[in-house]
Amino acid sequence: NSALLIAGLLIISFILKKLVVSPIRKVTEVVRAIEQQSDLSLRAEVKSKDELGRLAIAINLMMEKFGSIITRVSASTLQLAEESAQLTNITTQSIDGVRKQQQESQQVATAMTEMEANANEVAGSASNASDAANQADAQAKEGGKVVNNAIACINTLADDVSQAFDVIRQLETDSDGIGKVVEVI
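Since the model is a prediction, treat every value here as computed from it, not as a measurement. (Residues numbered from 1 in each chain as written. Predicted model: local features only at pLDDT ≥ 70, side-chain atom pairs only at ≥ 80, totals over all residues. Heavy atoms only, no water.)

A. Structural detail: the overall build of the protein. Within the protein, the regular secondary structure consists of two helices and zero strands. Dimensions along the principal axes, computed over C-alpha positions, put the protein at roughly 220 × 25 × 20 Å. The buried share of the protein, reckoned over its 185 residues, is 6%. Long-range contacts, defined as pairs at least 24 residues apart, comprise 38% of the intrachain contacts of the protein with a sequence gap of at least 6. Total accessible area on the protein stands at roughly 15500 Å², and carbon and sulfur atoms take up 61% of it. (Helix = DSSP H or I, 4+ residues; strand = E, 2+ residues; numbered from the N terminus. Buried < 20%, exposed > 50% of the residue type's maximum accessible area, 1.4 Å probe, protein only. Contact = heavy atoms within 4.5 Å. Areas by Shrake-Rupley, 256 points an atom, 1.4 Å probe, with all protein chains shown as cover.)

Okay, structure coming up:
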(Lines give C-alpha, C1' and ligand atoms only; values in the text may rest on other atoms or scores of the structure.)
Protein backbone atom coordinates (compact mmCIF):
# COMPACT_ATOMS: atom_id res chain seq x y z
CA ASN A 1 0.00 0.00 0.00
CA SER A 2 2.55 2.50 0.89
CA ALA A 3 4.39 1.85 -2.32
CA LEU A 4 1.21 2.48 -4.22
CA LEU A 5 0.61 5.64 -2.25
CA ILE A 6 4.15 6.85 -2.94
CA ALA A 7 3.79 5.94 -6.59
CA GLY A 8 0.44 7.77 -6.71
CA LEU A 9 1.96 10.78 -5.03
CA LEU A 10 4.84 10.73 -7.49
CA ILE A 11 2.42 10.55 -10.41
CA ILE A 12 0.29 13.39 -8.98
CA SER A 13 3.47 15.37 -8.33
CA PHE A 14 4.62 14.77 -11.91
CA ILE A 15 1.19 15.74 -13.27
CA LEU A 16 1.04 18.86 -11.06
CA LYS A 17 4.54 19.77 -12.16
CA LYS A 18 3.59 19.30 -15.79
CA LEU A 19 0.20 21.04 -15.53
CA VAL A 20 0.82 23.79 -12.93
CA VAL A 21 4.45 24.42 -12.03
CA SER A 22 5.84 24.30 -15.56
CA PRO A 23 3.31 26.82 -17.02
CA ILE A 24 3.80 29.14 -14.01
CA ARG A 25 7.56 28.93 -14.50
CA LYS A 26 7.18 29.80 -18.22
CA VAL A 27 4.96 32.82 -17.44
CA THR A 28 7.46 33.90 -14.75
CA GLU A 29 10.33 33.60 -17.25
CA VAL A 30 8.47 35.78 -19.78
CA VAL A 31 7.75 38.44 -17.10
CA ARG A 32 11.44 38.40 -16.03
CA ALA A 33 12.58 38.68 -19.67
CA ILE A 34 10.24 41.66 -20.19
CA GLU A 35 11.61 43.30 -17.04
CA GLN A 36 15.28 42.63 -17.83
CA GLN A 37 15.19 43.46 -21.53
CA SER A 38 12.57 46.24 -21.32
CA ASP A 39 10.96 44.53 -24.32
CA LEU A 40 7.20 44.99 -24.23
CA SER A 41 6.78 42.91 -27.40
CA LEU A 42 7.47 39.61 -25.58
CA ARG A 43 4.36 37.48 -24.96
CA ALA A 44 3.54 34.53 -22.73
CA GLU A 45 2.66 31.28 -24.50
CA VAL A 46 -1.02 30.35 -24.10
CA LYS A 47 -1.52 26.58 -24.15
CA SER A 48 -4.69 26.13 -22.12
CA LYS A 49 -7.95 27.79 -21.23
CA ASP A 50 -7.64 27.24 -17.48
CA GLU A 51 -6.53 29.83 -14.89
CA LEU A 52 -2.92 29.65 -16.09
CA GLY A 53 -4.02 30.22 -19.69
CA ARG A 54 -6.14 33.19 -18.59
CA LEU A 55 -3.15 34.52 -16.60
CA ALA A 56 -0.97 34.31 -19.74
CA ILE A 57 -3.70 36.07 -21.79
CA ALA A 58 -4.02 38.81 -19.11
CA ILE A 59 -0.24 39.33 -19.09
CA ASN A 60 -0.21 39.54 -22.90
CA LEU A 61 -3.09 42.07 -22.90
CA MET A 62 -1.33 44.09 -20.20
CA MET A 63 1.88 44.13 -22.29
CA GLU A 64 -0.12 45.34 -25.34
CA LYS A 65 -1.65 48.15 -23.27
CA PHE A 66 1.76 49.04 -21.83
CA GLY A 67 3.18 49.09 -25.37
CA SER A 68 0.32 51.32 -26.53
CA ILE A 69 0.81 53.64 -23.56
CA ILE A 70 4.59 53.80 -24.18
CA THR A 71 3.96 54.53 -27.87
CA ARG A 72 1.56 57.37 -27.00
CA VAL A 73 3.92 58.72 -24.34
CA SER A 74 6.78 58.57 -26.84
CA ALA A 75 4.70 60.40 -29.46
CA SER A 76 3.63 62.96 -26.87
CA THR A 77 7.24 63.41 -25.81
CA LEU A 78 8.30 64.03 -29.41
CA GLN A 79 5.45 66.49 -29.89
CA LEU A 80 6.35 68.17 -26.60
CA ALA A 81 9.99 68.43 -27.72
CA GLU A 82 8.93 69.99 -31.04
CA GLU A 83 6.58 72.43 -29.32
CA SER A 84 9.27 73.21 -26.77
CA ALA A 85 11.67 74.05 -29.62
CA GLN A 86 9.00 76.27 -31.19
CA LEU A 87 8.35 77.92 -27.84
CA THR A 88 12.08 78.50 -27.44
CA ASN A 89 12.13 80.12 -30.90
CA ILE A 90 9.13 82.29 -30.06
CA THR A 91 10.67 83.23 -26.71
CA THR A 92 13.97 84.12 -28.40
CA GLN A 93 12.10 86.24 -30.96
CA SER A 94 10.09 87.88 -28.18
CA ILE A 95 13.25 88.66 -26.23
CA ASP A 96 14.84 90.11 -29.38
CA GLY A 97 11.68 92.16 -30.00
CA VAL A 98 11.67 93.42 -26.42
CA ARG A 99 15.35 94.37 -26.67
CA LYS A 100 14.74 96.17 -29.95
CA GLN A 101 11.72 97.96 -28.49
CA GLN A 102 13.78 98.87 -25.42
CA GLN A 103 16.50 100.36 -27.66
CA GLU A 104 13.89 102.24 -29.66
CA SER A 105 12.30 103.48 -26.43
CA GLN A 106 15.70 104.70 -25.26
CA GLN A 107 16.17 106.46 -28.60
CA VAL A 108 12.72 108.04 -28.27
CA ALA A 109 13.53 109.09 -24.70
CA THR A 110 16.82 110.61 -25.89
CA ALA A 111 15.01 112.39 -28.72
CA MET A 112 12.37 113.65 -26.29
CA THR A 113 15.10 114.95 -23.98
CA GLU A 114 16.77 116.69 -26.90
CA MET A 115 13.42 118.10 -28.03
CA GLU A 116 12.75 119.34 -24.51
CA ALA A 117 16.18 120.99 -24.41
CA ASN A 118 15.54 122.56 -27.84
CA ALA A 119 12.08 123.69 -26.75
CA ASN A 120 13.58 125.24 -23.64
CA GLU A 121 16.21 126.92 -25.78
CA VAL A 122 13.53 128.19 -28.19
CA ALA A 123 11.47 129.37 -25.23
CA GLY A 124 14.54 131.13 -23.85
CA SER A 125 15.21 132.66 -27.25
CA ALA A 126 11.57 133.67 -27.57
CA SER A 127 11.71 135.21 -24.10
CA ASN A 128 14.90 137.05 -25.05
CA ALA A 129 13.29 138.18 -28.32
CA SER A 130 10.23 139.33 -26.39
CA ASP A 131 12.44 141.23 -23.95
CA ALA A 132 14.37 142.74 -26.86
CA ALA A 133 11.09 143.65 -28.60
CA ASN A 134 9.80 145.27 -25.38
CA GLN A 135 13.06 147.19 -25.05
CA ALA A 136 12.89 148.22 -28.71
CA ASP A 137 9.27 149.31 -28.21
CA ALA A 138 10.24 151.33 -25.15
CA GLN A 139 13.15 152.87 -27.02
CA ALA A 140 10.89 153.59 -30.00
CA LYS A 141 8.41 155.30 -27.67
CA GLU A 142 11.26 157.24 -26.10
CA GLY A 143 12.52 158.09 -29.59
CA GLY A 144 8.98 159.20 -30.52
CA LYS A 145 8.98 161.53 -27.52
CA VAL A 146 12.37 162.90 -28.58
CA VAL A 147 11.08 163.37 -32.15
CA ASN A 148 7.91 165.08 -30.84
CA ASN A 149 10.08 167.36 -28.66
CA ALA A 150 12.32 168.07 -31.65
CA ILE A 151 9.26 168.89 -33.76
CA ALA A 152 7.95 171.17 -31.00
CA CYS A 153 11.35 172.84 -30.77
CA ILE A 154 11.54 173.20 -34.56
CA ASN A 155 8.03 174.67 -34.58
CA THR A 156 9.01 177.06 -31.80
CA LEU A 157 12.22 177.90 -33.67
CA ALA A 158 10.23 178.39 -36.88
CA ASP A 159 7.91 180.74 -35.01
CA ASP A 160 10.92 182.57 -33.56
CA VAL A 161 12.57 182.74 -37.02
CA SER A 162 9.31 184.00 -38.47
CA GLN A 163 9.11 186.69 -35.76
CA ALA A 164 12.77 187.52 -36.30
CA PHE A 165 12.09 187.78 -40.04
CA ASP A 166 9.19 190.11 -39.32
CA VAL A 167 11.42 192.14 -37.03
CA ILE A 168 14.15 192.21 -39.70
CA ARG A 169 11.67 193.42 -42.30
CA GLN A 170 10.46 196.00 -39.95
CA LEU A 171 14.05 196.98 -39.37
CA GLU A 172 14.64 197.07 -43.08
CA THR A 173 11.61 199.28 -43.53
CA ASP A 174 12.72 201.42 -40.63
CA SER A 175 16.26 201.44 -41.99
CA ASP A 176 14.98 202.59 -45.38
CA GLY A 177 13.01 205.29 -43.64
CA ILE A 178 16.13 206.30 -41.69
CA GLY A 179 18.15 206.18 -44.88
CA LYS A 180 15.70 208.56 -46.54
CA VAL A 181 15.76 210.81 -43.52
CA VAL A 182 19.52 210.74 -43.58
CA GLU A 183 19.50 211.62 -47.27
CA VAL A 184 17.21 214.44 -46.65
CA ILE A 185 19.42 215.77 -43.99
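More follows now that the structure is in view.
B. Up close: the nonpolar core. Among the nonpolar cores identified, the biggest contains seven residues, and these are V27, V30, I34, A44, A56, I59 and M63. When residues of this core are traced back to their parent elements, those giving at least two are helix 1 (2-37) and helix 2 (51-184). (Core = buried A, V, L, I, M, F, W, Y, C linked by side-chain atoms within 4.5 Å.)

C. Representation of the pattern of salt bridges in the model. Tallied over the full model, the rule gives three salt bridges. A salt bridge links K47 to E45; the shortest N-O distance between them is 3.2 Å. As far as the burial class goes, K47 and E45 line up, both exposed. Of the charged contacts, one joins D137 and K141 as a salt bridge, the two residues approaching to 3.4 Å between their closest N and O atoms. Taken together, the residues span about one helical turn, with D137 and K141 both in helix 2 at a distance of four residues. Overall, the relative accessible area of 38% leaves D137 in the partly exposed class. By relative accessible area, K141 is classed as exposed at 53%. (Salt bridge = Lys/Arg side-chain N within 4 Å of Asp/Glu carboxyl O.)

D. Just the side chain of N60, in detail. With respect to the helices and strands, N60 occurs in helix 2. For N60, a relative accessible area of 11% gives the class buried. Setting aside its immediate chain neighbours within four residues, N60 contacts R43, A44 and V46.

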